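Below are the chains, spelled out letter by letter.
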Amino acid sequence: MKNLKTYIPSLLVSILLTFALLGTSALMLADKLADTTALTDLAEEKQIVSMVKTELTEHFEDNYNETGVPAQVYTDAITDEYISKLIEINISAGFEKMNGGKFDNTTGMENPALEESITGFFNDYAQKSGYAMDEKYEEYLGNTIENAYDTIRKACDIYKFETINKEGIFEKAGGIYRSIGKLSLAAAGASLLLIIVLALINMKSVSAVLYWTGVSALISGIIGIVPCLYLNATSYFDAFTIKQPYIFAAFTGLMYKAVDLFMFNQIIFASAGAVLIIAYAVVTKIKNKA
């Protein structure tokens, strides 16, 4: 350990290994969360569906004086299953765009019950009031149905993917997104390669590999754990100002999920590092006794 010919190179490689492990953890996290299933599961975990339904109910109730259409005409046909389906469609559209496809968050959102409910209300109103069911009537009915779909679609876009797409962010991030898996493997491979380099540097003292690898893993873990503890302890993301409760819940839920998963990875690294350092101490003690 005191041999400068091995100590300085080992120290430099250990520093590189520390950051390689951090990169591996971060890329593994991105690979795990950048997925339709992961985000829809998170939405379900945070009970976003009920929040969206409440938001839609309030919206249609507020618009009653303007449209004359009771909120239940819409809400009776908007089930939890339907909202959940549209949330998934919006999320899938974003990842499809990053995969090089088309952003399409409208296909599959048809709701015959909703259209029948709106049409039934309009027909009843026209018949009772003697309103002519002419082209103007059909146009107004069609616009009402279209506006309803538009309102529901936007409410179910809990991660604001439609806005992100319009800003061109998905297209710009597509290359990175498609490479996350390969980058994760590359970072893991780099970490393994650096451990091999440590072994080559310390061929005369193989146990030193335990020490340097352990130190890198421990420091990497601590570097990742400390900011995560701060973010959770201060409820950092709760300070963000987002008016819609369901979007706030989705955003903060995603951020805290990322923090928790990253901290979990770093705890594993730190624990493994501590074990390796202890193993090195035990091996060294046995050697010294011998």
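Use the structure listed above.
What comes next is a walk through the structure. Within any chain, residue numbers begin from 1 and follow the written order of that chain's sequence. Given that the model is predicted, a residue must reach a pLDDT of at least 70 before its local features are reported, and side-chain atom pairs must reach 80 or more before they are shown or counted; all residues, however, enter totals for whole chains, interfaces and linings. Only hydrogens and water are removed before side-chain values are computed, so all heavy atoms of the structure are retained for them.

## Looking at the packing of aromatic side chains
Alright, step 1. For Phe, Tyr and Trp, rings pair up if their centres lie within 6.5 Å, where Trp contributes its six-membered ring, and each pair is then called stacked (planes under 30 degrees apart), edge-to-face (over 60) or tilted (otherwise). One pass over the full model with this rule turns up 17 aromatic pairs.
Alright, step 2. When the ring of Phe60 is compared with that of Tyr74, the centres are 4.0 Å apart and the planes differ by 10 degrees; the resulting orientation is stacked. Of this pair, Phe60 sits in helix H3 (residues 48-62) while Tyr74 sits in helix H5 (residues 71-75), placing them 14 residues apart in sequence.
Alright, step 3. For Tyr74, a relative accessible area of 5% corresponds to the buried category.
Alright, step 4. Pairing Phe161 with Phe170 gives two aromatic rings, centres 5.1 Å apart and planes at 85 degrees, and the pair type is edge-to-face. Of the two residues examined, Phe161 and Phe170, each falls in the buried class.
Alright, step 5. Every member of this aromatic cluster is reached through a ring pair, and the members are Phe95, Phe103, Tyr159, Phe161, Phe170 and Tyr177. Under the DSSP-based scheme used, a helix requires at least four consecutive residues in state H or I and a strand at least two consecutive residues in state E, with every element numbered from the N terminus. Partly exposed residues are those whose accessible area sits between 20% and 50% of the maximum for their type, while under 20% is buried and over 50% is exposed, using a 1.4 Å probe and protein chains only.

## Description of the packing of helix H2 (residues 36-45) against helix H6 (residues 80-98)
Alright, step 1. To get an axis, fit a line to the C-alpha atoms, keeping to the stretch in contact for a helix; angles then go from 0 to 180 degrees between the N-to-C directions. Taken N-terminus to C-terminus, the directions of H2 and H6 make an angle of 150 degrees; their axes are 9 Å apart at the nearest point. Between H2 and H6, the angle falls in the class roughly antiparallel. Our pair here, H2 against H6, has a crossing hand that is right-handed. Of the residues in H6, those in contact with Thr36, Leu39, Thr40 and Ala43 of H2 are Ile87, Glu88, Ile91, Ser92 and Phe95. Here the word oblique covers every angle except those under 35 degrees (roughly parallel), over 145 (roughly antiparallel) and from 65 to 115 (roughly perpendicular). Note on convention: the crossing is left-handed when the near helix lies turned anticlockwise from the far helix by less than a right angle, right-handed when the turn is clockwise. Should any heavy atoms of two residues lie within 4.5 Å, those residues are counted as being in contact.

## Section: the side chain of Thr40
Alright, step 1. With respect to the element layout, Thr40 can be found in helix H2.
Alright, step 2. Among the polar contacts made by the side chain of Thr40, one reaches the main-chain carbonyl oxygen of Thr36 at a distance of 2.9 Å.
Alright, step 3. N or O atoms closer than or at 3.5 Å make up a polar contact, with two conditions inside protein: a donor-capable atom paired with an acceptor-capable one, and, for residues adjacent in sequence, both atoms drawn from side chains. Engagement of the side chain of Thr40 in a polar contact is seen with the backbone oxygen of Thr37, the distance being 2.9 Å.
Alright, step 4. Leaving out residues up to four positions away in the same chain, Thr40 has contacts with Glu88 and Ile91.

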